[in-house]
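# Observations on chain architecture
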Amino acid sequence: MTCSGGPDRLTSWREREASLYRVFPYGGLALGTVLALVAPAPRALATAPTLAIAVTAGCWVAWFITLHPGWQSRRGLMAVYYAGLLAFAAVLVAANPWYGFFAWVGYTHAFPVLRTRWRIAGVITTATLVATSQGGGLSVVTSHLPLWLVLVLFNLVVAGSLSWFAMVAEQEDARRKRLMAELGEANRQLTETVRENAGLHAQLLTQAREAGVLDERQRMAREIHDTLAQGLTGIITQLEAAEQTRDRSADWRRHVDNALALARESLTEARRSVRAVRPEPLETARLPDALVELSGRWSARNGVRAEVATTGTPRPLHPEVEVTLLRAAQEALANVARHAAASRVGLTLSYMADVVTLDVRDDGTGFDVTGQPAPREPGGGYGLTAMRQRVTRVGGELAVESEPGGGTAISASVPALPGGAG
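If you're wondering where the values come from, they're calculated on a predicted model, not measured in any experiment.

## Thoughts on the pattern of salt bridges
Where side chains of opposite charge bring their charged atoms close, a pairing between them can arise. Applying the stated criterion to the full structure yields 4 salt bridges. A salt bridge links Asp289 to Arg286; its shortest N-O distance comes to 3.8 Å. Of the residues examined, Arg286 reaches a relative accessible area of 49% and is grouped as partly exposed. A salt bridge links Glu293 to Arg297; the shortest N-O distance between them is 3.0 Å. Here Glu293 pairs with Arg297, and both are found in helix H12 (residues 287–302), just 4 residues apart, close to one helical turn. Take Arg297: its relative accessible area is 25%, and that puts it in the partly exposed class.

## Concerning the nonpolar core
Among the nonpolar cores identified, the biggest contains 35 residues, and Leu287, Leu325, Val345, Leu349, Val356 and Leu358 are the most heavily contacted of them. Listed by contribution, the elements that provide at least two residues to this core are H12, helix H13 (319–340), strand S2 (344–351), strand S3 (355–362), helix H14 (383–393) and strand S5 (408–415). The leading source of residues in this core is H13, at 10 residues. If you look at the next biggest cluster of nonpolar residues, it comprises 29 residues, including Leu92, Val93, Ala103 and Val105.

## Looking at unusual backbone geometry
Where the residue is not glycine, phi is negative for most of them; where a peptide bond is considered, it is trans in most cases. Of note in the backbone geometry, Ala341 takes a positive phi value of approximately 55 degrees without being a glycine. Following the sequence through the fold, Ala341 ends up in the loop between H13 and S2. Note on Ala341: relative accessible area 65%, which makes it exposed.

## Description of the sheet that holds S3
The 5 strands lie next to each other as S1-S2-S3-S5-S4, forming an open sheet whose pairing is mixed. Edge positions in the sheet fall to strand S1 (305–311) and strand S4 (397–402), since each has one partner strand and no second. This sheet shows a mean twist of 10 degrees between the axes of neighbouring strands, independent of strand direction. With 7 bridges joining them, S1 and S2 adopt parallel strand pairing. Along S2, the bridge assignment pairs Ala309 with Thr348. Across the sheet, H12 touches S1, S2 and S3, and the angle it forms with S1 is around 170 degrees. Those strands touched by H13 are S2, S3 and S5, and its axis lies near 10 degrees from that of S3.

## Thoughts on the UniProt feature "transmembrane region" (unreviewed entry) in the protein
UniProt tags residues 20–39, 45–67, 79–99 and 147–169 as "transmembrane region" (unreviewed entry). For residues 45–67, the end-to-end C-alpha separation is 30 Å, with 87% helix and 0% strand making up the annotated structure. In the segment residues 79–99, helix accounts for 81% and strand for 0%; the C-alpha atoms at its two ends are 22 Å apart.

## Some thoughts on the packing of aromatic side chains
According to the stated counting rule, one finds 5 aromatic pairs in the structure shown. Judged by centre distance (6.0 Å) and plane angle (75 degrees), the rings of Trp63 and Trp71 are edge-to-face. Given the relative accessible area of 45%, Trp63 is considered partly exposed. Judged by centre distance (5.8 Å) and plane angle (65 degrees), the ring pair of Phe64 and Trp71 falls under edge-to-face.

## Re the packing of helix H2 (residues 47–66) against helix H3 (residues 75–95)
Each pair of packed helices can be summarised by the angle the axes make with each other and by the distance between the axes. Here H2 crosses H3 at 165 degrees, and the two axes come no closer than 10 Å. Between H2 and H3, the angle is such that the two are roughly antiparallel. Classified by chirality, the crossing of H3 by H2 is left-handed. Within the contact between the two elements, H2 uses Thr50, Ile53, Ala54, Thr56, Ala57, Trp60, Val61, Phe64 and Ile65 and H3 uses Leu77, Met78, Val80, Tyr81, Gly84, Leu85, Phe88, Val91, Leu92 and Ala95.

## Considering the packing of H12 against H13
Axis separation between H12 and H13 bottoms out at 11 Å; the angle between their running directions is 15 degrees. In terms of axis orientation, H12 runs roughly parallel to H13. Considering the relative orientation of H12 and H13, their crossing is right-handed. Between H12 and H13, the residues in contact are Leu287, Ala290, Leu291, Leu294, Ser295, Trp298 and Asn302 and Glu322, Leu325, Leu326, Ala329, Gln330, Leu333, Ala334, Val336 and Ala337, respectively. Its residues placed into classes, the contact of H12 with H13 shows 12 nonpolar, 3 polar and 1 charged.

## Details of empty space enclosed by the protein
On inspection of all chains with the given rule, the structure shows 2 cavities of 30 Å³ or more. By volume, the largest cavity amounts to about 70 Å³. As for the largest cavity, its lining consists of Val150, Leu153, Phe154, Val157, Ile235, Leu239, Val256, Ala259, Leu260 and Ala263. Counting only elements with at least two residues in the lining of the largest cavity, the list comes to helix H8 (145–193), helix H9 (198–244) and helix H10 (249–274). Tallied by class, residues from the lining of the largest cavity come to 10 nonpolar, no polar and no charged.

What counts and how
Residues numbered from 1 in each chain as written. Predicted model: local features only at pLDDT ≥ 70, side-chain atom pairs only at ≥ 80, totals over all residues. Heavy atoms only, no water. Salt bridge = Lys/Arg side-chain N within 4 Å of Asp/Glu carboxyl O. Buried < 20%, exposed > 50% of the residue type's maximum accessible area, 1.4 Å probe, protein only. Helix = DSSP H or I, 4+ residues; strand = E, 2+ residues; numbered from the N terminus. Core = buried A, V, L, I, M, F, W, Y, C linked by side-chain atoms within 4.5 Å. Pairing = 2+ DSSP bridges. Axes fitted to C-alpha atoms, helices over the stretch in contact; angles between N-to-C directions. Contact = heavy atoms within 4.5 Å. UniProt positions renumbered as here; feature names shortened; annotations may be inferred. Phe/Tyr/Trp six-rings, centres within 6.5 Å; stacked < 30°, edge-to-face > 60°. Parallel < 35°, antiparallel > 145°, perpendicular 65-115°, else oblique. Left-handed = near helix turned anticlockwise from the far one by under 90°. Nonpolar A, V, L, I, M, F, W, Y, C, P; charged D, E, K, R; others polar. 1 Å grid on protein atoms, 1.4 Å probe; cavity = no way out; pocket = protein on both sides within 12 Å on 5 of 7 lines; lining within 4 Å. Points joined across faces, edges and corners; volume = space filled by probe spheres on them.

Have a look at this one:
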């Protein structure tokens, strides 16, 4: 009974996910229609023909998805459906940009109905339609081409990153199914030969699998936060700044270049995270040099002076320890940029006999450590939690000191495990 619970829950979740995919198009059409009626967009098509197109698009989805759910296994027919879906989305976005909510369905339907080689084309087309909608319709393409290109790039980065993780998850799911089948066969053979130990063996196997899944989920959550979440936050900040400085071409170009650089860095780090590879700065430099490079890039993007000091004798540390300290520095600097309004930041890396300590101090607004929680990030505030989990995972400690108007100091102390440690 214990072993069958996991697959049953996974099957149930897949069924609920498929039901949501069938409902999404109607929700996008309804929301786009309501907004088009309540807040008409400039240069939009007349209401009557727009509603006629929307109704036809709904009928298209209903015929292929709702009325004939069994057709989803026929890839050729689904390719025709998806092409029609994007065609209707393009016409509706051209008629009224509010229908970008319907065009967004192209992301969710690309994976269930298309083969792998066609998904990329579907995601790119959907990103283009969504960017056109976000910019205000077809007029942005002709009158504000650079802004439209930035929106397309941003949507491609976000959609491409999420699609990459979705494809990796899909491959991992298939591999897990094969492994589960092999493990099931092994369990049956073991039951035949050692029947009295079958129950205990099944329990231990389930616990080990759940622990491995939980550990991998926690690792991926930390890596996504340290790569995609921070990178996308920086990209949005730079694009917002570019929008405010569109009349000053030099400043506008600088912000757009910063956004592009952040996108490339985030995509590279995301790929390395999926493969569980060390961060690129630690592949080519020692930890003190990596911190100097990190603070230099951060200072250039945020206009805040950051100084790095090293005390003691630098020496190679265990890879996990160095990754922990580098990620802690990244998160601390990200928090300073988001919350502190500081004019100066200091990072001190101290090598001692048995401990290595990273101190990050800023002269920003600070907060009341005892009276209220630390500033939270948009969407739930995973930053300090992830940092503490990383430090604790290698046997270290994290301390936070701050007061309103007195800045903030974060100290991460970890064991000085040598590089040759296993």
